[in-house]
There are 2 protein chains.
Amino acid sequence: MTTDLVAAIDIGGTKIAGALLDAEGTLLERVQVPTPARERAEHVLAAVVEVVHRLTASAGWARVRAVGIGSAGPVDAQTGTVSPVNIPGWRDYPLVEAVRAAAGGLPVTLIGDGAAIAAGEHWRGAARGRDNVLCMVVSTGVGGGLVLDGRLRAGPSGNAGHIGHISVELDGERCPCGGRGCVEGIASGTAIARWARENGWRPADGGDSSAAALADAARAGDQTALAAYRRSARALAAAVAATATLVELDTVVIGGGVAQAGQVLFAPLTEALADYAALPYVRHLEIRPAELGTDAGLVGAAAACRAGVAG
Amino acid sequence: MTTDLVAAIDIGGTKIAGALLDAEGTLLERVQVPTPARERAEHVLAAVVEVVHRLTASAGWARVRAVGIGSAGPVDAQTGTVSPVNIPGWRDYPLVEAVRAAAGGLPVTLIGDGAAIAAGEHWRGAARGRDNVLCMVVSTGVGGGLVLDGRLRAGPSGNAGHIGHISVELDGERCPCGGRGCVEGIASGTAIARWARENGWRPADGGDSSAAALADAARAGDQTALAAYRRSARALAAAVAATATLVELDTVVIGGGVAQAGQVLFAPLTEALADYAALPYVRHLEIRPAELGTDAGLVGAAAACRAGVAG
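Residues numbered from 1 in each chain as written. Chains lettered and ligands numbered in written order. Predicted model: local features only at pLDDT ≥ 70, side-chain atom pairs only at ≥ 80, totals over all residues. Heavy atoms only, no water.

Q: Explain the overall build of chain A residue by residue, including any values.
A: Within chain A, the secondary structure is distributed over nine helices and twelve strands. Against the 2.2 N^0.38 benchmark of 19 Å for 311 residues, chain A shows a C-alpha radius of gyration of 19 Å, consistent with a compact globule. With 311 residues in all, chain A has 59% of them scored as buried. As displayed, chain A has an accessible area near 11800 Å², and 50% of this comes from carbon and sulfur atoms. Placing the 26 positive and 31 negative side-chain charges of chain A at their respective mean positions leaves the two points 1 Å apart. (Helix = DSSP H or I, 4+ residues; strand = E, 2+ residues; numbered from the N terminus. Rg over C-alpha atoms; globule rule 2.2 N^0.38 Å. Buried < 20%, exposed > 50% of the residue type's maximum accessible area, 1.4 Å probe, protein only. Areas by Shrake-Rupley, 256 points an atom, 1.4 Å probe, with all protein chains shown as cover. Lys, Arg positive; Asp, Glu negative; His and termini not counted. Charge placed at Lys NZ, Arg CZ, Asp CG, Glu CD.)

Q: Tell me about the sheet that holds strand β12 (residues 286–289) of chain B, and name the residues and values.
A: All names here are of chain B. The five strands lie next to each other as β10-β9-β8-β11-β12, forming an open sheet whose pairing is mixed. The strands lining the two open edges of the sheet, one partner per strand, are β10 (151–152) and β12. Bridge analysis of strand β9 (residues 142–148) against β10 gives two bridges, and the strand direction is antiparallel. Within β10, the position partnered with Val-147 by the bridge is Leu-152. (Pairing = 2+ DSSP bridges.)

Q: Any chance you could break down the pairing of strand β4 (residues 64–71) of chain A for me, citing the residues and the numbers?
A: Along any regular strand, the residues point their side chains to alternate faces of the sheet. Residue and element names in this part refer to chain A. Of all eight residues making up β4, seven are buried, and the element is well covered by its neighbours. Pairing geometry for strand β1 (residues 5–11) and β4, over six bridges, is parallel. Paired with Ala-7 across the two strands is Val-67, which belongs to β4. Of the pairings in the sheet, the one linking β4 to strand β7 (residues 108–112) comprises five bridges and is parallel in character. Looking across to β7, one finds that Ser-71 is bridged to Gly-112.

Q: Kindly report on unusual backbone geometry, identifying the contributing residues and their values.
A: Phi is mostly negative for residues that are not glycine, and the peptide bonds are mostly trans. The step from Gly73(A) to Pro74(A) runs through a cis peptide bond, and the omega angle for that step is 0°. Inspection of the secondary structure assignment puts Pro74(A) in the loop between β4 and β5 (75–76). Look at Asp149(B): it is not a glycine, yet its phi comes out positive at around 50°. You can see Asp149(B) is positioned in the loop between β9 and β10.

Q: Before we move on, could you go through the side chain of Glu121(A) and cite the residues and values that matter?
A: All names here are of chain A. Tracing the sequence through the fold places Glu-121 in helix α3 (residues 113–124). There is no salt bridge for the buried Glu-121, and the closest opposite charge comes from Arg-128, which lies 7.1 Å off by N-O distance. Apart from residues no more than four positions distant in its own chain, Glu-121 is found in contact with Ala-126, Ala-127, Arg-128, Cys-135, Val-253, Ala-290, Glu-291, Leu-292, Gly-293 and Ala-296. (Salt bridge = Lys/Arg side-chain N within 4 Å of Asp/Glu carboxyl O. Contact = heavy atoms within 4.5 Å.)

Q: Please set out the relation of the copies chain B and chain A residue by residue, giving values where relevant.
A: Of the transformation superimposing chain B on chain A, the axial component is 0.0 Å and the angular component is 180°, with the fit at an RMSD of 0.0 Å. The symmetry that links the two subunits is that of a two-fold axis. In this assembly the copies share their binding face: 100% of the residues contributing to the interface of chain B also contribute to that of chain A. (Least-squares fit on C-alpha atoms with pLDDT ≥ 70 in both.)

Q: I'd like a description of the pattern of salt bridges, backed by residues and values.
A: Enumeration over the complete set of coordinates arrives at 32 salt bridges over all chains. Arg54(A) serves as the salt-bridge partner of Glu50(A), at 2.6 Å between the closest nitrogen and oxygen. Taken together, the residues span about one helical turn, with Glu50(A) and Arg54(A) both in helix α1 (residues 41–56) at a distance of four residues. Taking relative accessible area as the criterion, Glu50(A) reaches 37% and is therefore assigned partly exposed. Note that Asp171(B) and Arg234(A) form a salt bridge whose closest N and O atoms lie 3.9 Å from each other.

Given below as structure tokens:
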């Protein structure tokens, strides 16, 4: 049975990736197409089906026993549908049924992209061997997933761990999700760069005003840039502390573009954690950078379908 | 085996209760002593031992197979020690070992009081048959516990679900726990009454200024009293929404003295939830009043030791 493979599909707002993985989590085939995110539902599906068909045409396909999907959320694992915020054409879209048909009727497991990344880092990355883990992606948005008692906890609908949309400011700004004071609205790369610009920061030569350029400015000692990252770090720290207080964590894994800022983010984050994570049982969190990069979602989708995890 | 019993002990800042319970969760014996909360460690233990000895002297003791303890926290289920905030004499106090000795060597399971209440409401109360539940106690403090996938999730140390100490205000006031902007500091009965007094509310006849008296004033239309409960409800709603976003919940059970305010609390809570719980998978939470009252901790401690739950 160790020669069995699984197929994994990672659906994001910019790309749709697919792979075959073996029992060790090694990627044997890898295909990728751009996501036609602004197009009609059937065009987005056609891109997914193209990925599946390229996998079914590969040499390893005969050994594939199941398909795992990690999709931009929200997803609904119970109905097999997805409604990704950044793919407006898909609302309650029956993705599982369509993928099952394209994959010749194999069993299909669906989880959210945050849960997939957590499953991936737990199986093959920075959370290996840890029992209670929050994995976060801090990028243009903020997402995450949870491992509890050594197993992915995707929740009944597959969305658990979605830390970007918990509120850390009771009277904070309205979030596009409909909530208020959400972590994502303060801590994402988009939010960091916006706050810096609103507070007078200007990129060198009027050029790149991204969070990455801002991180360079922070490293060079720009006070506004440093303050922008500090503000993000405080929101992330409050959210991490809340999660640890609620479910008990031993490890927090942080990946995504903003985490590339390194100590510009991690130093104020560690400092801010002391300000929010004060109870004895939440004081000893280990913060680790993610290890799998952009493959985390594929590895995690494979892990989830191997485990048959939905709940 | 259905005639086997368990012993349960509920240790709080004002009372220590004990009981024998059968397999249906019925309380067969019940004893209670005041907690000498300000006395030295051995005096507090003597009160616990008195409770255990009254149980061992009861007719049913020969059928008791295990002992469950729900204690004011923080607790440490892994070391069997407790450090209750409101029992200063006990810090890393080896409670499990002492109770095991007093109970003739029976196995002892320790969880926090919030987890115990959740286990109790899940076994015999308002959360019966629900799979993903947050149980909260809103009283002089704010505590809670989690049931995930149909099982108590007490966490490795037994403290999971401690919702009173998650931050909902990034720049909020310092909390005695060491954190900042904690739910308890805004939403507890103590916090509600203090806020009302600070904002000009005065009890009738200069008398009772408790949260209960304030609830009466709110019911009579006092605007400051209504605003005080609304403020508490918003903090509770943000925290409930955060928990539902992180772990996926179907049900939230709320008990404790402040919940006795009924619609004065529940109406603005329901309204505020719409402001924070906006993602599709967190929109359909059912909020229910607790059913077990002050017995919840005993019933839950019994449930936890029957399940052998620690993680």
